[in-house]
Amino acid sequence: MKKLLIITALLSCVIYANAQRFDDYFEDRTLRLDYSFSGDNTLTNIYVDELVSLPRWYGRRERLAELPLRGNGQITVRSKADSTVIYRHAFSTLFQEWLATDEAKHTQKSFENVFLIPFPKDTIDITVELYDYHDRTIASMTHTVVPTDILIRKAGERSVTPYDLLHPAADTTRCIRIAFVAEGYTADEMDLYLDHCRQAIGSLFRHEPFRSLQDRFNIIALKSASAESGTSEPSKGIWRNTALGSHFDTFYSDRYLTTLHLKRLHDVLAGTPYEHIIILVNTGHYGGGGIYNSYNLSYTGGKQFLPVVVHEFGHSFGGLGDEYAYGDDDPMYFADTEPWEPNLTTRPTAPVKWDNLIQQGKAGLVEGGGYLKKGVWRGCENCRMRTNEEPEFCPVCQQALTRLIDFYTK
């Protein structure tokens, strides 16, 4: 009994120490980091645009210096006093996708990027790094943030976008917060938008592991009205005045639907309880996009709406890679570099990420994925990350999503 009491006391101390780590370094506020990533396929630059203070922090409060996935870029926050790493964040960006296009070979561009970290109590150093498809660092920048800086803009304290709570978490101190954002819905179309939100939530929770773990999600719907209905379609000469300025034809791809206005997006979200973002676009033109730890954007006016929003959430939340193939031109994956996405591999002869599932007979190695017919392997023949017709995430993706949800909530 005495030994048991000692072990219990030690465990209590560890749990207490972990619980206090956030309070040692951070306030219950958010520091929004606005950056400009710019350049072309030969030179990349990172610039600080603006710092913004938001009223509350809605991200994780434990495992602050850990990363569940590598991503295509990372933010590392260190205490200025002793260089201790106190927070890390991984992400991908539309800018890095653009670097692989033909346009980046002859044109320089800049892209807005916005990231959220807990608000520091004391001075910190923030390092931002971007990686290429061989995991090499192509840009790195470190800047110092003094929390008392008078030029850190405050937002989210007044004129907060109205929102509805659609799905409460069982425990809001350990949950994953998702915010739906309306794009291309006028004020008179908010009922339609909220119906689309509920449909999307229902579809998400019909898929494992979200179905079994749905009590760990807190979901709201922002009623961000647009002046005009729909979205822009540049290839047709159509430009709409909408809340987020979204449009098709991103990188001249007909169905690639995105918004480049990330500062505008986060201004709309300021003051609301959010971390992960799903943008619903009021259009019948098929399309969407999902960027890891940035946003998921989906059309809503067609029969593929629900499969698309779930698929794109696999990208934006889960960091899952596409498992379908176009051909072998302009590759994003290479034999010398193992993908950070948990459902793809370029090393089939070594023990792979899902080797435990292979041993159990639940998965295998199927060549083709990451847009390539050869040189990239997935775990199963079909999956929600491969086709809209497949009703479930494959066991490999389910395992990866479960591990990620546990990382944020356990």
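Per chain, residues are indexed from 1 in the order of the written sequence. With pLDDT at 70 or above as the cut-off, local features in this predicted model cover only qualifying residues; side-chain atom pairs require 80 or more to be listed or tallied, and sums for whole chains, interfaces and linings still use all residues. Hydrogens are left out, water is left out, and the side-chain values use all remaining heavy atoms of the structure.

**Q** Would you take a moment to explain the sheet that holds strand β6 (residues 124-131) for this structure?
**A** Within a sheet, adjacent strands bond to each other through the backbone by hydrogen bonds, running parallel or antiparallel. Only strands that DSSP links by at least two bridges are regarded as paired with each other. Here a helix means four or more residues in a row that DSSP labels H or I, a strand means two or more in a row labelled E, and each is numbered from the N terminus. Taken in spatial order, the 4 strands of this open sheet run β4-β3-β6-β7, and their pairing is antiparallel. In this open sheet, the two edge strands, each paired with only one partner strand, are β4 (85-91) and β7 (137-145). Within this sheet the neighbouring strands show an average axis-to-axis angle of 15°, counted without direction. Bridging between strand β3 (residues 73-79) and β4 involves 6 bridges; their strand directions are antiparallel. For Gly73, the partnering residue across the bridge sits in β4 and is Phe91. Only the contacting stretch of a helix is used when fitting its axis, a line to C-alpha atoms as for every element, and angles between N-to-C directions run 0 to 180 degrees.

**Q** Any chance you could explain the pattern of salt bridges here in plain terms?
**A** Side chains bearing opposite charge may pair, as long as their charged atoms lie close to each other. The rule for a salt bridge is simple: a side-chain nitrogen of Lys or Arg has to be within 4 Å of a carboxyl oxygen of Asp or Glu. By the definition in use, this model includes 22 salt bridges. Residue Glu62 pairs with Arg174 through a salt bridge whose shortest N-O separation is 2.8 Å. Of this pair, Glu62 sits in the loop between β2 (44-54) and β3 while Arg174 sits in the loop between β9 (163-167) and β10 (176-183), and the two are 112 residues apart along the sequence. In this scheme, a residue with accessible area under 20% of its type's maximum is buried, one over 50% is exposed, and one in between is partly exposed, where area comes from a 1.4 Å probe on protein chains only. On the accessibility criterion, Glu62 (25% relative accessible area) is partly exposed. Arg174 gets classed as partly exposed once you look at its relative accessible area, which sits at 35%. With a closest N to O distance of 3.4 Å, Arg378 and Glu381 form a salt bridge. Since its relative accessible area comes to 2%, Arg378 is described here as buried. In the salt-bridge network here, residues are joined through shared partners; they are Arg32, Asp34, Asp49, Glu50, Arg153, Lys263 and Asp267.

**Q** So what exactly am I meant to see when it comes to the side chain of Thr300 here?
**A** You can see Thr300 is positioned in the loop between β14 (295-299) and α5 (305-316). A contact between two residues is defined here by any heavy atoms of the two lying within 4.5 Å. If we skip the residues at most four places from it in the chain, Thr300 touches Tyr185, His196, Leu280, Val281, Asn282, Thr283 and Phe305.

**Q** Would you take a moment to explain the nonpolar core for this structure?
**A** Nonpolar side chains tend toward joint burial in soluble globular proteins. Counting 103 residues, the largest nonpolar core has Tyr35, Ile126, Phe180, Tyr193 and Phe210 as the members making the most contacts within it. A per-element tally of this core places helix α7 (residues 395-409) first, with 8 residues. As used in this record, nonpolar core signifies buried Ala, Val, Leu, Ile, Met, Phe, Trp, Tyr and Cys residues forming a set joined through side-chain atoms within 4.5 Å.

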